Amino acid sequence: MTSIIRVCARRLTDSQCRNSHHSACFSPPSTQLFYSFFKSLVGKDVVVELKNDLSICGTLHSVDQYLNIKLTDISVTDPEKYPHMLSVKNCFIRGSVVRYVQLPADEVDTQLLQDAARKEAMQQKQ
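Residues numbered from 1 in each chain as written. Predicted model: local features only at pLDDT ≥ 70, side-chain atom pairs only at ≥ 80, totals over all residues. Heavy atoms only, no water.

Undergrad: I keep staring at the overall build of the protein chain and nothing clicks. Help me out?
TA: Within the protein chain, the regular secondary structure consists of three helices and six strands. Each helix and strand of the protein chain, ordered N terminal to C terminal, gives the series β-α-α-β-β-β-β-β-α. Counting over 126 residues, the protein chain shows a buried share of 40%. A fraction of 50% describes how many contacts in the protein chain between residues 6 or more apart in sequence connect residues 24 or more apart. Counting every atom, the protein chain has about 7,700 Å² of accessible surface; 50% of that belongs to carbon and sulfur. (Helix = DSSP H or I, 4+ residues; strand = E, 2+ residues; numbered from the N terminus. Buried < 20%, exposed > 50% of the residue type's maximum accessible area, 1.4 Å probe, protein only. Contact = heavy atoms within 4.5 Å. Areas by Shrake-Rupley, 256 points an atom, 1.4 Å probe, with all protein chains shown as cover.)

Spelled out as structure tokens, the structure:
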């Protein structure tokens, strides 16, 4: 069984981060940091959970600076609840409707990502 890293791409306070159930949580994250990170995962399988509770599995095709995501070869995790999605093979997801992006843990160097987030947060404080 593959473990999953959940990345929350929204700004959290330090206390929210400490009390959070997220595996990877960065405070405060930079859109540029996430953009660079997600660009490195193009071609990998991800699960995108939307704010309306729809979860879409697919291959990350592209991401832009607004964290809009394009997925190919998609499927939904609950096809009984969303039967209209069965015929959809590719989708574009607006970044503002994304709640989480789940990534296979073996694809992510969490230590490197956390170090980059800390370094960027320190630069923003100066």
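Undergrad: Which parts of the structure should I look at to understand the side chain of Asn68?
TA: Counting through the fold element by element, Asn68 comes out in the loop between strand S3 (55-63) and strand S4 (69-76). Judged by its relative accessible area of 14%, Asn68 is buried. Separated by 2.7 Å, the side chain of Asn68 and the backbone nitrogen of Gly95 make a polar contact. The residues contacting Asn68, other than those within four sequence positions of it, are Ser62, Val63, Phe92, Ile93, Arg94 and Gly95. (Polar contact = N/O pair within 3.5 Å; in protein donor to acceptor, adjacent residues only side chain to side chain.)

Undergrad: What is the right way to look at the nonpolar core in this model?
TA: Soluble globular proteins tend to pack their nonpolar side chains together in the buried interior. The biggest cluster of nonpolar side chains holds 26 residues, and the ones touching the most others in it are Phe38, Val48, Ile56, Ile69, Leu71, Ile93 and Leu103. Secondary-structure elements contributing two or more residues to this core are helix H2 (31-39), strand S2 (45-50), S3, S4, strand S5 (90-93) and strand S6 (98-104). When residues no more than four places from it in sequence are discounted, the contact partners of Ile56 are Val46, Val47, Val48, Leu50, Leu71, Ile74, Ser75, Val76, Met85, Cys91 and Ile93. (Core = buried A, V, L, I, M, F, W, Y, C linked by side-chain atoms within 4.5 Å.)

Undergrad: Looking at this structure, I do not really get the packing of aromatic side chains. What am I missing?
TA: Pairs of aromatic rings are described using the distance from one ring centre to the other and the angle between the two planes. Across all of its chains, the model carries two aromatic pairs by this definition. With a centroid separation of 6.2 Å and 25° between ring planes, the pair formed by Phe34 and Phe38 is classed as stacked. Taken together, the residues span about one helical turn, with Phe34 and Phe38 both in helix H2 at a distance of four residues. Here the aromatic rings of Phe37 and Phe38 are separated by 5.5 Å at their centres, their planes lie at 50°, and the arrangement is tilted. As far as the burial class goes, Phe37 and Phe38 line up, both buried. Connected via pairs of aromatic rings, a cluster forms that spans Phe34, Phe37 and Phe38. (Phe/Tyr/Trp six-rings, centres within 6.5 Å; stacked < 30°, edge-to-face > 60°.)

Undergrad: Explain the pattern of salt bridges here, please?
TA: When their charged atoms lie close together, side chains carrying opposite charge are able to pair. For the structure shown, the criterion picks out three salt bridges. Between Arg99 and Asp53 there is a salt bridge whose closest N-O contact spans 2.7 Å. Residue Arg99 is located in strand S6, and its partner Asp53 is located in the loop between S2 and S3; the two are separated by 46 residues in the primary sequence. Classification of Asp53 as partly exposed rests on a relative accessible area of 47%. Here Arg118 and Asp115 are joined by a salt bridge, their closest N and O atoms 3.2 Å apart. In this pair, Arg118 and Asp115 both sit in helix H3 (residues 110-125), three residues apart, roughly one turn of the helix. Residue Asp115 is classed as partly exposed on the basis of its relative accessible area, which comes to 37%. (Salt bridge = Lys/Arg side-chain N within 4 Å of Asp/Glu carboxyl O.)

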